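What follows is each chain in one-letter form.
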Amino acid sequence: MKQLFMYVMLFAACSMGFTSCSSDDDKNDSGDLTEKEKAMEAITDQYVNNVIYPIYTSLASQTSTLFDQLVDAKTKFRAGTLTQGDIDKICTTFIAARSAWEQSESFLYGAATDFGIDPHIDTWPLDRTALAKALSSKEIIDDLDDLEDGGIDNARALVGEQQLGFHGIEFIIFRDGKNRSLAALKGVEDDEAFAGRNITGEQELVFAAAVAGDLRDKCFQLEVSWLGDKAHKAHADRVEECEFPTTVAGGDSSYGENLLNATKAGSTYSTWRGTMSTILVAGCSNICAEVAGQKIGQAYLGTDPDYIESPYSQRSYFDFFDNISSIQYSLYGQQNTSANANSIMAYLEKYNASMAADLKSKLEAALSALSTAKAGTPFVVDSHSANAKAAMDAINELDDALNEAASWIAAN
């Protein structure tokens, strides 16, 4: 199961502001912000509005489309009108939604963790034996099929969390790195875990549509939790209908407002330096550690050979690349390959140019190593390749550079 590295300890420290490490307070003797604190405030504004908000908005939109397409596919399958083109469109939407999710993983702190959304929608490896058993139950299939009366809401209880989310859907619509064929869906499921159960494509699409609805709802919850009143109204209405929590514990602020209002009454962020540390450590370093130590490391080192993300689409390296791109966007303050003037990278370039150059070099090396890996043998086919080792090592070096930058900012 997916794990968040070091999160509890680091977030507790970061959100309290690292005040003991800072060389000056957030305000000078006159009560005004210092030059550096003003820069950090602007960095946070740019980061929240131009990285977090658009990525979660895209994620909500793509998962909503995915749900609609899978419901449509279920209907067409029963009518005998489903085409390979329909399946291919679903796969394209899935990849777009998956990319948005992976690009959000440098800011898993907050709603994704507080509300258990991360493990709910992104746990692996898939328990195919349990899934086969669940899909063999007519009662479960009938319940999942009734989307107007609890099929989506009951998905977790009916099939278990380890079959939900992206990877449950991935198993239905991809196989061996290719889009699932219409012919395969028209036959009986041939995965070895399903042997003797005669699971049909119709049953699989019933499952996939219900799980996609659950995935959509949890991604709506992420969007509303961060954007608050700026979230799409229909998405907010659905979240309210589901009775999902969306505000920071102990208050009524959205997670975006909480971060933007750092140092102000009601915010859980007491200093701007602490806010920078949250972004760099609880956010960026956390996903670095997970990609290198868990996502690549578990299989590469043989700790758990089956711990391989996205095995059915064979897009593990694409997931990892998007994770490191998420770090790039957080550092650059925008979804771009260059740094915005109000960004952590620009801040370091101004106040510690050598550190900025080193961090940028390590970031580019990690992305380059993953680009090479993406073009080679899929991770699920050969998790012990030189490409996997090179990527793991480069990401570990990036992690070290991120923590050095966080420590420097906290102390200067």
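Residues numbered from 1 in each chain as written. Predicted model: local features only at pLDDT ≥ 70, side-chain atom pairs only at ≥ 80, totals over all residues. Heavy atoms only, no water.

Asker: Help me out: how do you make sense of the environment of R98 in this one?
Answerer: Mapped onto the fold, R98 is located in helix α3 (residues 84-102). Overall, the relative accessible area of 4% leaves R98 in the buried class. Separated by 39 residues in the primary sequence, R98 and L59 have C-alpha atoms spaced 8.0 Å apart. When near neighbours in sequence (up to four residues on either side) are disregarded, R98 contacts D122, F166, H167, E309, S310 and D319. Looking at R98, its side chain comes within polar contact range of the side chain of E309, at 2.5 Å. (Helix = DSSP H or I, 4+ residues; strand = E, 2+ residues; numbered from the N terminus. Buried < 20%, exposed > 50% of the residue type's maximum accessible area, 1.4 Å probe, protein only. Contact = heavy atoms within 4.5 Å. Polar contact = N/O pair within 3.5 Å; in protein donor to acceptor, adjacent residues only side chain to side chain.)

Asker: How should I be thinking about the packing of helix α16 (residues 344-351) against helix α18 (residues 386-411) in this particular structure?
Answerer: Two numbers describe a pair of packed helices, the interaxial angle and the distance between the axes. At their nearest, the axes of α16 and α18 sit 12 Å apart, and the two run at 65° to each other. Here the hand of the crossing between α16 and α18 comes out left-handed. The residues of α18 that touch α16, namely those facing I344, Y347, L348 and Y351, are A405, W408 and I409. Across the contact of α16 with α18, the residue classes break down as seven nonpolar, no polar and no charged. (Axes fitted to C-alpha atoms, helices over the stretch in contact; angles between N-to-C directions. Left-handed = near helix turned anticlockwise from the far one by under 90°. Nonpolar A, V, L, I, M, F, W, Y, C, P; charged D, E, K, R; others polar.)

Asker: What am I meant to see in the side chain of T44 here?
Answerer: Looking at the element boundaries, T44 is found in helix α2 (residues 35-79). When near neighbours in sequence (up to four residues on either side) are disregarded, T44 contacts L259, L260, W272, T275 and M276.

Asker: Would you mind going over α3 with me for this structure?
Answerer: With 19 residues, α3 should cover 27 Å at 1.5 Å per step; its first-to-last C-alpha distance of 27 Å lies within 8% of that length. The complete set of buried residues in α3 reads D86, I87, I90, C91, T93, F94, A97, R98, S99, A100, W101 and E102. (Expected span 1.5 Å × (residues − 1).)

Asker: Explanation requested: the state of the cysteines in the structure shown.
Answerer: What we call a disulfide is simply a covalent bond connecting the sulfur atoms of a pair of cysteines. As enumerated under the stated definition, the model contains zero disulfides in all. Of all cysteine sulfurs in the structure, the one in C242 sits closest to C219, which takes part in no disulfide; the separation is 12 Å. In this model C284 remains outside any disulfide bridge; the closest cysteine sulfur is found in C288, 7.6 Å from its own. Relative accessible area serves as the criterion here: at 0%, C284 is assigned to the buried category. (Disulfide = S-S within 2.5 Å.)

Asker: Mind showing me how you'd approach the confidence of the model for the protein here?
Answerer: A low pLDDT score tells you not to read the predicted coordinates there in detail. Looking at the protein as a whole, the pLDDT averages 93, with 92% of positions reaching at least 70. Here residues 3-25 scores under 50 on pLDDT; set against residues more than four positions off or in separate chains, the count is 63 contacts. (pLDDT = per-residue confidence, 0-100.)

Asker: I tried to follow the layout of surface pockets on my own but got confused; where do I start?
Answerer: Here the largest pocket defines a volume of roughly 390 Å³. The wall of the largest pocket is formed by 17 residues, among which R128, D191, P311, Y312 and V380 lie closest to the centre. Of the residues belonging to the lining of the largest pocket, the class tally is eight nonpolar, two polar and seven charged. Considering only enclosed or pocket space, the second largest pocket measures out at about 210 Å³ in volume. (1 Å grid on protein atoms, 1.4 Å probe; cavity = no way out; pocket = protein on both sides within 12 Å on 5 of 7 lines; lining within 4 Å. Points joined across faces, edges and corners; volume = space filled by probe spheres on them.)

Asker: Hey, could you run me through the nonpolar core in this one?
Answerer: In summary, soluble globular proteins display a tendency toward joint burial of nonpolar side chains. By size, the foremost hydrophobic cluster in this structure holds 127 residues, and its most contacted members are I52, L70, Y109, I296, I327 and L331. Of all the elements, α2 adds the most residues to this core, at 16 residues. Ignoring anything within four residues of it in the chain, the contact list for I327 reads S106, C284, I287, C288, L363, L398 and L402. (Core = buried A, V, L, I, M, F, W, Y, C linked by side-chain atoms within 4.5 Å.)

Asker: Help me understand helix α17 (residues 353-375), please; the structure alone is not making it clear to me.
Answerer: Across its 23 residues, α17 extends 33 Å between first and last C-alpha, which sits within 8% of the 33 Å expected from 1.5 Å per residue. Restricting attention to buried positions, one finds in α17 the residues M355, A356, L359, K362, L363, A366, L367, A369, L370 and A373. In this structure, the buried side of α17 is in contact with α15 (316-332), α16 and α18.

Asker: Explain empty space enclosed by the protein to me, please; I cannot follow it from the model alone.
Answerer: Sizing a probe to match a water molecule and rolling it over the atoms shows the empty space that remains. Counted under the stated rule, the structure contains one cavity of 30 Å³ or more. Volume-wise, the largest cavity comes out at about 30 Å³. Lining of the largest cavity is provided by A73, L82, I87, I90, I173, L185 and L205. Here the residues of the lining of the largest cavity are counted per class, giving seven nonpolar, no polar and no charged.

Asker: Got a minute to help me understand the pattern of salt bridges in this structure?
Answerer: Charged atoms that come close allow side chains of opposite charge to pair. One pass over the structure, following the stated rule, counts 27 salt bridges. Two residues, D72 and K76, come together in a salt bridge whose shortest N-O distance is 3.3 Å. Pair noted here: D72 and K76 are both in helix α2, with a separation of four residues, about one helical turn. Owing to a relative accessible area of 25%, K76 belongs among the partly exposed residues under this scheme. Residues joined by salt bridges that share partners form a network here, namely R98, E102, E105, D122, K295, E309 and D319. (Salt bridge = Lys/Arg side-chain N within 4 Å of Asp/Glu carboxyl O.)

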